[in-house]
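One letter stands for each residue in the lines below.
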Amino acid sequence: AQSVTQLGSHVSVSEGALVLLRCNYSSSVPPYLFWYVQYPNQGLQLLLKYTSAATLVKGINGFEAEFKKSETSFHLTKPSAHMSDAAEYFCAVLYSGAGSYQLTFGKGTKLSVIP
Amino acid sequence: DVKVTQSSRYLVKRTGEKVFLECVQDMDHENMFWYRQDPGLGLRLIYFSYDVKMKEKGDIPEGYSVSREKKERFSLILESASTNQTSMYLCASRTGGAGTGELFFGEGSRLTVL
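Residues numbered from 1 in each chain as written. Chains lettered and ligands numbered in written order. Predicted model: local features only at pLDDT ≥ 70, side-chain atom pairs only at ≥ 80, totals over all residues. Heavy atoms only, no water.

A. The arrangement of the overall build of chain B in detail. Secondary structure assignment for chain B yields zero helices and eleven strands. For chain B, the sequential pattern of α-helices and β-strands runs β-β-β-β-β-β-β-β-β-β-β. Once the C-alpha set of chain B is aligned to its principal axes, its extents read approximately 40 × 30 × 25 Å. Across the 114 residues that make up chain B, the buried fraction comes to 48%. Here the analysis covers contacts within chain B between residues at least 6 apart in sequence; of these, 56% occur between residues at least 24 apart. Carbon and sulfur atoms form 49% of the exposed surface of chain B, whose accessible area is close to 5400 Å². (Helix = DSSP H or I, 4+ residues; strand = E, 2+ residues; numbered from the N terminus. Buried < 20%, exposed > 50% of the residue type's maximum accessible area, 1.4 Å probe, protein only. Contact = heavy atoms within 4.5 Å. Areas by Shrake-Rupley, 256 points an atom, 1.4 Å probe, with all protein chains shown as cover.)

What follows is the structure in structure tokens.
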């Protein structure tokens, strides 16, 4: 079974500082990878996705992620944090099994931005 | 704009009650999903459906059932609610096949079972 590990359930950064949220996956085949964001009291929305094209993927709100096959990682970064980035972030991997395609989510990382 | 609508944002029920959580999508998506979200556990898949009247168990189906009588509607049913089913429930939909796998989520239904 596929798994996704997000290192750090809580991350705090100062406003203007670099944001780095870590995600590692286990997959025996090239995966599709996603980052979702959840703002308080809302559902999840897609930030960005990797689908075997460019290894550096740009998403919404200035976020980007780099797929590194050798490290089985897909870390999310943003050069300069804004207060509005405070949210919970989920990494997910798409895998196929028994003829179906399912997303497996990590446990989430809650980002706090300190003024 | 694409939309997944969950009928109730907040519910409070008593142990043993039957609970219906409704989800409607307006994107003509074939696939629909129910997840529960708990702090520190992320999202866990309860049930999913690839088409009308089809359903498949996810990772944690015990205590739940689902109904998909129409393409746009996917209902989650708790036959006899228990306190350990207090959680946030998220519905999502996706176009058919593997595609990009992008899920579109509703805003969630927060259920409290007393």
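Structure's up, so let's keep going.
B. Spatial organisation of the side chain of D38 of chain B. All names here are of chain B. Summarising the element assignment, D38 is placed in strand β4 (residues 31–38). At 2.8 Å, the side chain of D38 forms a polar contact with the side chain of R36. With residues up to four places along the chain from it excluded, the contact list for D38 reads R44, T86 and S87. (Polar contact = N/O pair within 3.5 Å; in protein donor to acceptor, adjacent residues only side chain to side chain.)

C. Representation of the nonpolar core within the structure. Core analysis: the largest hydrophobic core is formed by 27 residues, its most contacted members being W35, L47, L48, F74, L76 and Y89 of chain A. In contact with L76 of chain A, not counting residues within four places along its chain, are V19, L20, L21, W35, L47, L48, F63, E64, A65 and Y89 of chain A. Judged by nonpolar contacts, the second largest core, of 21 residues, contains L21, M32, I46 and L76 of chain B. (Core = buried A, V, L, I, M, F, W, Y, C linked by side-chain atoms within 4.5 Å.)

D. The arrangement of the state of the cysteines in detail. Taken as a whole and assessed by the stated rule, the structure comprises two disulfides over all chains. Put simply, C23 of chain A and C91 of chain A are joined by a disulfide, and their sulfur atoms are 1.9 Å apart. Of note, the bridge from C23 of chain A to C91 of chain A carries an S-S torsion of about -65 degrees and is left-handed in sense. Of this pair, C23 of chain A sits in strand β3 (residues 19–26) while C91 of chain A sits in strand β9 (residues 87–97), placing them 68 residues apart in sequence. Across the pair, exposure class does not vary: C23 of chain A and C91 of chain A are buried alike. Disulfide pairing is shown between C23 of chain B and C91 of chain B; the S-S distance is 1.9 Å. The S-S bond linking C23 of chain B to C91 of chain B shows a torsion near -75 degrees; that makes this disulfide left-handed. (Disulfide = S-S within 2.5 Å.)

E. The interface of chain B and chain A, seen in detail. In this assembly, 23 residues from chain B lie in contact with 20 residues from chain A. For the chain B and chain A pair, buried surface summed over both sides reaches about 1700 Å², with 54% attributable to carbon and sulfur atoms. The interface formed by chain B and chain A contains one salt bridge. Put simply, K49 of chain A and E102 of chain B hold a salt bridge, and the shortest N to O gap is 3.7 Å. Linking chain B with chain A are three residue pairs in polar contact (both at pLDDT 80 or more). Of all the secondary-structure elements, those providing two or more residues to the side of chain B that touches chain A are β4, β5 (42–49) and β9 (87–94) of chain B. At four residues, the largest contribution of residues to the side of chain B that touches chain A is made by β5 of chain B. (Buried area = accessible area lost by both parts, 1.4 Å probe. Salt bridge = Lys/Arg side-chain N within 4 Å of Asp/Glu carboxyl O.)

F. Highlighting the pairing of β3 of chain A. All names here are of chain A. Here β3 shows a buried face lined by V19, L21, C23 and Y25 and an unburied face lined by L20, R22, N24 and S26. In this sheet, β3 lies alongside strand β1 (residues 3–7) in antiparallel orientation, the contact comprising five bridges. Following the sheet pairing, S3 is matched in β3 by S26. Of the pairings in the sheet, the one linking β3 to strand β8 (residues 73–78) comprises four bridges and is antiparallel in character. For L20, the partnering residue across the bridge sits in β8 and is T77. (Pairing = 2+ DSSP bridges.)

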